[in-house]
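# Observations on the model geometry
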Amino acid sequence: MSTLSISNVTSDYQGQVILQQLNLTLQQGEIVALLGPSGCGKTTLLKAIAGLQGISQGCIKINGQVLSGEGVFIASEQRGVGMIFQDYALFPHLTVGDNILFGVKGLAQHERKTRLIEMLELVKLAGLSERYPHELSGGQQQRVSIARALAYQPEIMLLDEPFSNIDAQVRHEMMLEIRAILKQRNVSAVFVTHSKDEAFVFADKLALFEQGHIVQHGAAETLYANPNSRYVADFLGTTNYLPVTVLSDYQVKSPLGVLTSSTALSHAVEVQGQLLLRPQQMMLQADPQGLAEVVDRRFLGTVCHYQVKLNDIYLDVSSPIMSFAAGQRVNLTVAEHPLVVFID
Ligand SMILES: Nc1ncnc2c1ncn2[C@@H]1O[C@H](COP(=O)(O)OP(=O)(O)OP(=O)(O)O)[C@@H](O)[C@H]1O
């Protein structure tokens with residue numbers, strides 16, 4: 001049974017439809033990122049799961065129990081969800097310890113103490129329980145908010161852009177830390193972000209939004225390698241497109257010659273489309289007679305990014321070879337892989 005199940009959920013603000021017919025499931029211990037540009041409805045779905053926003057159609061269940069829908073609406077505090085926000089939302093007048101235990105009810109005094117010690121150790125803040133939030137760094141405050149959300153043992157953790165106020169240098173480390181804590185506790189989580197990089201690091205699955213719809217969801221690798229639209233492909237990383245004509249189940253004709261796919265294409269012969277190529281799927285070779293020319297070069301440490309002109313098409317190519325220079329003629333080849341073609 002899935003921990004969280006969202007079926008055909010529609011939600012609106014004053015009659016304006018914001019979420020349309022959303023479907024999503026989450027298994028125990030899985031982390032899903034709700035990913036998409038500003039205003040596409042990610043936070044609205046998170047609020048609907050939390051019980052802070054109603055739904056007009058569909059159903060939201062946790063562990064098989066209906067929380068919203070089918071004439072039922074369970075209050076937020078009875079849903080067993082923990083929430084972590086961008087601004088930590090700690091109580092400034094309470095100590096770290098009191099903040100962490102704030103939502104924990106029905107435990108004897110010694111059990112509360114044990115729970116607090118366990119939480120402080122989990123988020124690596126042992127010894128700081130008497131401090132006040134203003135005496136902590138931003139990262140430490142965020143860890144207090146995680147400890148607080150975990151302290152009452154939620155079924156599901158909801159995180160709304162929790163890393164956006166964290167310094168870029170510590171953000172990556174902190175994401176891995178929190179991910180490890182959730183995994184250690186086998187807590188399922190829904191994570192809202194507009195950053196694909198954060199989604200890749202933090203989540204197991206992605207649900208990509210566009211204007212109130214989930215346009216594709218699944219493992220991050222699947223969406224990256226096999227996007228179902230140019231919108232998904234472009235959102236998840238740098239893209240290049242070459243005009244192609246489908247020749248057979250495995251071959252297309254392109255400005256780089258005939259290219260072969262390692263899996264069958266699902267398009268009719270003769271149709272025209274755009275072949276998706278990621279920067280790392282093309283290789284450059286120096287060749288004075290080459291079809292293409294290096295226009296620009298950016299050194300990025302482990303790789304170089306080149307802008308290459310092929311006829312009148314500009315392509316972004318990533319290469320471990322650093323020695324190509326602007327103005328140099330080159331040949332381009334495509335590493336064999338499952339080709340993705342979007343039909344015009
Ligand atoms: N309380 C509200 N009343 C009316 N409209 C709202 C309300 N809250 C959000 N909206 C609208 O609903 C849409 C979705 O907003 P939502 O906050 O879910 O987007 P988001 O994807 O989380 O964006 P962001 O990344 O900027 O937080 C937007 O068009 C927004 O203007």
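Residues numbered from 1 in each chain as written. Predicted model: local features only at pLDDT ≥ 70, side-chain atom pairs only at ≥ 80, totals over all residues. Heavy atoms only, no water.

Taken together, Tyr-13, Gln-14, Ile-18, Pro-37, Ser-38, Gly-39, Cys-40, Gly-41, Lys-42, Thr-43, Thr-44 and Glu-161 are the residues near the ligand. The backbone of Gly-41 places a nitrogen or oxygen atom 3.0 Å from an oxygen atom of the ligand. The leading source of residues in the shell around the ligand is helix H1 (residues 42-50), at three residues. Within the shell around the ligand, the residues separate by chemical class into four nonpolar, six polar and two charged. (Near = heavy atom within 4 Å. Polar contact = N/O pair within 3.5 Å; in protein donor to acceptor, adjacent residues only side chain to side chain. Helix = DSSP H or I, 4+ residues; strand = E, 2+ residues; numbered from the N terminus. Nonpolar A, V, L, I, M, F, W, Y, C, P; charged D, E, K, R; others polar.)

On to the environment of Asn-226, then. Structurally, Asn-226 can be placed in the loop between helix H7 (220-225) and helix H8 (230-235). Judged by its relative accessible area of 48%, Asn-226 falls in the partly exposed class. In sequence terms Asn-226 and Val-341 are 115 residues apart; their C-alpha atoms lie 9.9 Å from each other. In contact with Asn-226, not counting residues within four places along its chain, are Gln-216 and Val-340. (Buried < 20%, exposed > 50% of the residue type's maximum accessible area, 1.4 Å probe, protein only. Contact = heavy atoms within 4.5 Å.)

It is worth spelling out the sheet that holds strand E5 (residues 65-69) at this point. An order of E2-E1-E4-E5-E6 is seen for the five strands of this open sheet, with the pairing classed as antiparallel. A strand with exactly one partner marks an edge of an open sheet, and here the two such strands are strand E2 (16-26) and strand E6 (72-73). Bridge analysis of strand E1 (residues 4-13) against strand E4 (residues 57-62) gives five bridges, and the strand direction is antiparallel. Across the sheet, Ile-6 pairs through a bridge with Ile-60, a residue of E4. Packed onto the sheet, H1 meets E1, E2, E4 and E5 and runs at close to 115° relative to E1. (Pairing = 2+ DSSP bridges. Axes fitted to C-alpha atoms, helices over the stretch in contact; angles between N-to-C directions.)

We note that Gln-153 has phi near 50°; this positive angle belongs to a residue other than glycine. The phi dihedral of Glu-270 is positive, around 85°, even though this residue is not glycine. Following the sequence through the fold, Glu-270 ends up in the loop between strand E14 (257-260) and strand E15 (272-277).

Strand order in the open sheet formed by five strands is E16-E20-E17-E18-E19, with antiparallel pairing between adjacent strands. Edge positions in the open sheet fall to strand E16 (282-286) and strand E19 (313-319), since each of these has one partner strand only. Averaged over all adjacent pairs, the angle separating strand axes in this sheet is 40°, with direction ignored. Taken together, the seven bridges between strand E17 (residues 292-299) and strand E18 (residues 304-310) define a ladder with antiparallel strand orientation. Each residue of the ladder has a partner; that of Arg-298, found in E18, is His-305.

This part is about the pattern of salt bridges. On inspection of all chains with the given rule, the structure shows seven salt bridges. A salt bridge links Arg-185 to Glu-118; the nearest nitrogen and oxygen atoms lie 2.5 Å apart. Here Glu-118 lies in helix H3 (residues 109-122) and Arg-185 lies in helix H5 (residues 168-185), a separation of 67 residues in the sequence. Looking at Glu-118, the relative accessible area reads 33%, which means it is partly exposed. For the salt bridge of Lys-196 with Asp-197, the shortest nitrogen-to-oxygen distance reads 2.9 Å. Relative accessible area serves as the criterion here: at 47%, Asp-197 is assigned to the partly exposed category. Connected through shared salt-bridge partners, Arg-179, Lys-183 and Asp-204 make up one network. (Salt bridge = Lys/Arg side-chain N within 4 Å of Asp/Glu carboxyl O.)

The next point concerns the domain arrangement of the protein. One frequently used descriptor of interface size is the decrease in accessible area upon assembly of the parts. When its domains are assigned, the protein resolves into domain 1 (4-233) and domain 2 (238-343). If you average the C-alpha positions of domain 1 and of domain 2, the two centres end up 39 Å apart. Across the domain 1/domain 2 interface, buried area totals approximately 690 Å², and carbon plus sulfur atoms make up 54% of it. For domain 1, the biggest contributors to the area lost against domain 2 are Tyr-224, Arg-230 and Ala-233; these three give 75% of the whole. Taken together, the links from domain 1 to domain 2 amount to zero salt bridges. (Domains from an automatic or database assignment. Buried area = accessible area lost by both parts, 1.4 Å probe.)

This brings us to the packing of helix H4 (residues 138-151) against H5. To describe two helices that pack against each other, one gives the angle between their axes and the distance between the axes. Orientation of H4 relative to H5, taken along the N-to-C sense of each, is 15°, at an axis distance of 12 Å. By the angle between their directions, the pair H4 and H5 is classed as roughly parallel. The two elements H4 and H5 cross, and the hand of that crossing is right-handed. Residues Gly-139, Gln-142, Arg-143, Ile-146 and Leu-150 of H4 pack against Met-174, Glu-177, Ile-178, Ile-181 and Leu-182 of H5. Looking at the contact of H4 with H5 residue by residue, the classes come out as six nonpolar, two polar and two charged. (Parallel < 35°, antiparallel > 145°, perpendicular 65-115°, else oblique. Left-handed = near helix turned anticlockwise from the far one by under 90°.)

Turning to the packing of H3 against H4, a few remarks are in order. Running from amino to carboxyl end, H3 crosses H4 at an angle of 135°, the nearest separation of the two axes being 9 Å. By the angle class used here, H3 and H4 are oblique. Along this stretch, H3 crosses H4, giving a crossing that reads as right-handed. Contacts from Arg-115, Met-119 and Leu-122 of H3 reach H4 at Ala-147, Leu-150 and Ala-151. When grouped by side-chain class, the residues that make up the contact of H3 with H4 number five nonpolar, no polar and one charged.

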